[in-house]
Amino acid sequence: MTSIATPSRTRSRKIRALLAGGVVLGVGAAATLAAWNDSEFADGTFSAGVFNLQGSTTSATDGYADHPTADGAAALSFTAPVSNLSPGDVVYAPFWVRLAADTTSPATLDLVSIDSTDTTGGNSSQLSYAVYGIDADAACDASATGGTLLGSAATLADNAAIAGATTELPIGDPTSDPGEATQVCFVITAAAGLEQGGVTTATWQLTATTD
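The structure presented is a predicted model; accordingly, all values stated were derived computationally and were not measured. (Residues numbered from 1 in each chain as written. Predicted model: local features only at pLDDT ≥ 70, side-chain atom pairs only at ≥ 80, totals over all residues. Heavy atoms only, no water.)

**Focus: the overall build of the chain**
A count of helices and strands for the chain gives one helix and eight strands. Going from the N terminus to the C terminus, the chain shows its helices and strands as α-β-β-β-β-β-β-β-β. A burial count over the chain gives 27% of its 211 residues as buried. Pairs at least 24 residues apart make up 75% of the contacts formed inside the chain by residues separated by at least 6 positions. Here the chain has roughly 13,000 Å² of accessible surface; of this, 54% comes from carbon and sulfur atoms. (Helix = DSSP H or I, 4+ residues; strand = E, 2+ residues; numbered from the N terminus. Buried < 20%, exposed > 50% of the residue type's maximum accessible area, 1.4 Å probe, protein only. Contact = heavy atoms within 4.5 Å. Areas by Shrake-Rupley, 256 points an atom, 1.4 Å probe, with all protein chains shown as cover.)

Dropping the structure here:
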């Protein structure tokens, strides 16, 4: 015998299906509401270092100051007879440089340029120069040739610093102290064509570059 579904049975099945669907949807909603989450954040602070080169014409330990421009260049004290030169004379001048206290990066020192002016005559073409990096307590004299040649030229008018010739400048230990000094020895030689009564001024630029 064939079973015929009555309207009441059909409605009952639909209701049970809807209830079952409702139960499934209800479980899904409960799972979403119960999820946990957590986060981590990270940040960084970036501070620039400190860098300062100082020079002294006095000694390895005293008289340091900043000379950052040609107009404020340190006045070198050359040996006699710097004010009474004759052909063949050689004169010397020491200059000490160091990294100032609180400098945070070591550096290399390089001779990068020279500028000369003839106030009287034309002796910039009759004076040669050589610049050496030597020990802080060494004598700035003929023995300086054993140091590091930072630059040289046949005349003061020749801006011919030797590329790649540098000397190291350490930072202080601790950094609140200045770094160890390096002496720069300037050597000037008068040529045979030196003009009597001539007056010449030369200005060298030394640059420290962080390593």
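**Here's the deal with the confidence of the model for the chain**
Here the chain averages 88 in pLDDT, and 82% of its residues register 70 or above. This model gives residues 17-27 a pLDDT under 50, and the stretch forms zero contacts once residues within four places in sequence are excluded. (pLDDT = per-residue confidence, 0-100.)

**Examining the sheet that holds strand S2 (residues 90-99)**
Judged by pairing direction, the sheet is antiparallel, and its five strands sit side by side in the order S1-S2-S7-S4-S5 without closing on themselves. Looking along the sheet, the strands with just one partner apiece sit at the ends: strand S1 (53-56) and strand S5 (148-153). Ignoring strand direction, the axes of neighbouring strands in this sheet form an average angle of 20°. (Pairing = 2+ DSSP bridges. Axes fitted to C-alpha atoms, helices over the stretch in contact; angles between N-to-C directions.)

**A closer look at the sheet that holds strand S8 (residues 199-210)**
Sheet strands pair via backbone hydrogen bonds, and the direction of the pair is either parallel or antiparallel. Spatially, the three strands line up as an open sheet ordered S6-S3-S8, and their pairing is antiparallel. Among the strands making up the open sheet, the edge pair consists of strand S6 (166-169) and S8. For this sheet, the mean inter-axis angle between neighbouring strands, taken without regard to orientation, is 35°. Here strand S3 (residues 107-120) pairs with S8 via twelve bridges, running antiparallel. Paired with Thr117 across the bridge in S8 is Thr201.

**Examining the side chain of Thr182**
Within the element layout of this structure, Thr182 appears in strand S7 (residues 182-190). What makes Thr182 buried here is its relative accessible area of 9%. Apart from the residues lying within four places of it in its own chain, the contact partners of Thr182 are Phe95, Trp96, Val97, Ile134, Thr167, Glu168 and Leu169.

**Looking at the pairing of S3**
Note: S3 against S6, four bridges, orientation antiparallel. By the bridge assignment, Thr108 is partnered in S6 with Glu168.

**Some thoughts on the packing of aromatic side chains**
Tallied over the entire structure, the rule returns two aromatic pairs. On the basis of an interplanar angle of 70° and a centroid distance of 6.0 Å, the ring pair of Tyr129 and Trp204 is categorised as edge-to-face. Of this pair, Tyr129 sits in strand S4 (residues 127-134) while Trp204 sits in strand S8, and the two are 75 residues apart along the sequence. Residue classification places Tyr129 among the buried positions, given a relative accessible area of 3%. Residue Trp204 is classed as buried on the basis of its relative accessible area of 14%. (Phe/Tyr/Trp six-rings, centres within 6.5 Å; stacked < 30°, edge-to-face > 60°.)

**Quick look at the pairing of S4**
With seven of eight residues buried, S4 lies mostly within the body of the structure. Both S4 and S7 contribute to a ladder of eight bridges, which runs antiparallel. If you follow Ala130 over to S7, its bridge partner there is Val187. Here S4 runs beside S5; their pairing, made up of five bridges, is antiparallel. What sits directly across from Tyr129, in S5, is Ala153.

**Let's talk about unusual backbone geometry**
Each neighbour pair has its own omega, and for Ala80 with Pro81 the value is 5°, a cis peptide bond. Mapped onto the fold, Pro81 is located in the loop between S1 and S2. Between Asp173 and Pro174 the backbone carries a cis peptide bond, its omega angle lying at 5°. Along the chain, Pro174 falls in the loop between S6 and S7. Notably, Asp102 is not glycine yet its phi reads approximately 75°, a positive angle. Considering the arrangement of structural elements, one finds Asp102 in the loop between S2 and S3.

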